[in-house]
Structures are given as C-alpha cells and as structure tokens.
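Spelled out from the first residue to the last, the chains are:
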Amino acid sequence: MRIAVISDTHDRFPPALPGRVSEADEIWHLGDVCAPETLVEFELLAKPLRIVRGNCDAHPWPLVLDLVRGGVPFHLEHVPPRRAPAGAAVVLHGHTHVPRDETDDRGVRWLNPGCITRPNRGAPASFAWLTVERNRSLRWELVRL
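Definitions and cut-offs
Residues numbered from 1 in each chain as written. Predicted model: local features only at pLDDT ≥ 70, side-chain atom pairs only at ≥ 80, totals over all residues. Heavy atoms only, no water. Pairing = 2+ DSSP bridges. Helix = DSSP H or I, 4+ residues; strand = E, 2+ residues; numbered from the N terminus. Axes fitted to C-alpha atoms, helices over the stretch in contact; angles between N-to-C directions. Polar contact = N/O pair within 3.5 Å; in protein donor to acceptor, adjacent residues only side chain to side chain. Contact = heavy atoms within 4.5 Å. Buried < 20%, exposed > 50% of the residue type's maximum accessible area, 1.4 Å probe, protein only. Phe/Tyr/Trp six-rings, centres within 6.5 Å; stacked < 30°, edge-to-face > 60°. Lys NZ or Arg CZ within 6 Å of the ring centre and 35° of its normal.

Description of the sheet that holds strand E7 (residues 100-103)
- Pairing within the open sheet is mixed, and its five strands lie in the order E4-E5-E6-E8-E7. Edge strands, defined here as strands with exactly one partner in the open sheet, are strand E4 (64-69) and E7. The mean inter-strand angle of the sheet, taken between neighbouring strand axes irrespective of direction, is 20°.
- Of the pairings in the sheet, the one linking E4 to strand E5 (residues 72-77) comprises six bridges and is antiparallel in character.

So, in structure tokens, the structure goes:
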C-alpha cells in the first residue's frame, strides 16, 4: 500500500500536487487544512482521504486517528504528543513544518512530512510517501518540492 502524507496546507498547495499523489492508495492529511474546500482536488481523486484536525482548523475532523495498515498500528495527530500512545508503532504528525524521521527509545517511529506551503527552519516545502507492506515493513520517502 502506498500512502501520500501531507500536512499544513494552510488553504493552499502547489498546483501540481494532486497529480503527483494521484497514484496513492490513500491520502493522509495531518492537519491545518484550514478551509475544507482546499481538499476538493484531492477528493476528486476518489482515494480514501484521512484527515486529522490541526490547531488552525475549525472543521470537526477528528483530533486523532488510529489506523492499521499492513499489520502496522499508526497514530495520526497534528500536534505531536509528548509520548507515543500505547500500541502505536508509528506516530505521524504535522504542526512543526519540519520533516522528521526518528525512532525513540521504545522503538516507536516518529514521522512528519514537513509543510506543503510554509516550511520552517530552512526546510523546503515537502510531502512524503509511506509504503507499507503486508510483512509489516515500511518505507518513508520525503519528497521536496
């Protein structure tokens, strides 16, 4: 399964982005969409679109999503929690506008695709591809725009 992971669109995104993620099996947005109509072009791709609410969102998307793909338990939340929730093997978050790929001392992997429109701390605009295999292996590929 190949998942396009984006975050922090803040009402806009590069015009080519929907085409670049059109081959995804799913699209995960990690919050700060701002206006829900920002997602129309992604909805038109007819792929499952999973969204968590960010601190700049008024729309009632869920604050967190716990999903299992390929046997791997994922926790999605806009603002990174202080600790990984029990049972989560991978925590995906946005908010910082800085890409992240780290594994903590408990073996939990922390991933952030960066910001699609307003990167921070010198990081370029980016999104990521998350590939999950049935044998619980995963690959994270950051795509700089």
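Moving on from the coordinates now.
Some remarks on the side chain of Asp8
- Assignment of secondary structure puts Asp8 in the loop between strand E1 (2-6) and helix H1 (17-20).
- A polar side-chain atom of Asp8 sits 3.1 Å from the main-chain amide nitrogen of His95.
- If we ignore the near neighbours within four places in the chain, the residues touching Asp8 are His29, Gly31, Asp32, His78, Gly94, His95, His97, Gly114, Cys115, Ile116 and Thr117.

Side note on the environment of Cys34
- Within the secondary structure, Cys34 is located in the loop between strand E2 (26-29) and helix H2 (40-43).
- Judged by its relative accessible area of 19%, Cys34 is buried.
- On a C-alpha basis, the gap between Cys34 and Arg12 in space is 9.0 Å, while along the polypeptide they are 22 residues apart.
- Not counting chain neighbours up to four residues away, the residues in contact with Cys34 comprise His10, Asp11, Cys56 and Asp57.

With respect to the packing of aromatic side chains
- In total, this model carries three aromatic pairs according to the counting rule given.
- Note on Trp28 and Phe74: the rings are 5.3 Å apart at their centroids and 75° apart in plane angle, and the pair reads as edge-to-face. Of this pair, Trp28 sits in strand E2 while Phe74 is found in strand E5, placing the two residues 46 residues apart along the sequence. Across the pair, Phe74 and Trp28 agree in class, each one buried.
- Their ring planes at 70° and their centres at 6.0 Å tell us that Phe127 and Trp129 sit as a pair that is edge-to-face. Like Phe127, the residue Trp129 is buried in the burial classification.
- Over the face of the ring belonging to Trp129 we find Arg2, whose NZ or CZ atom lies 3.7 Å from the ring centre.

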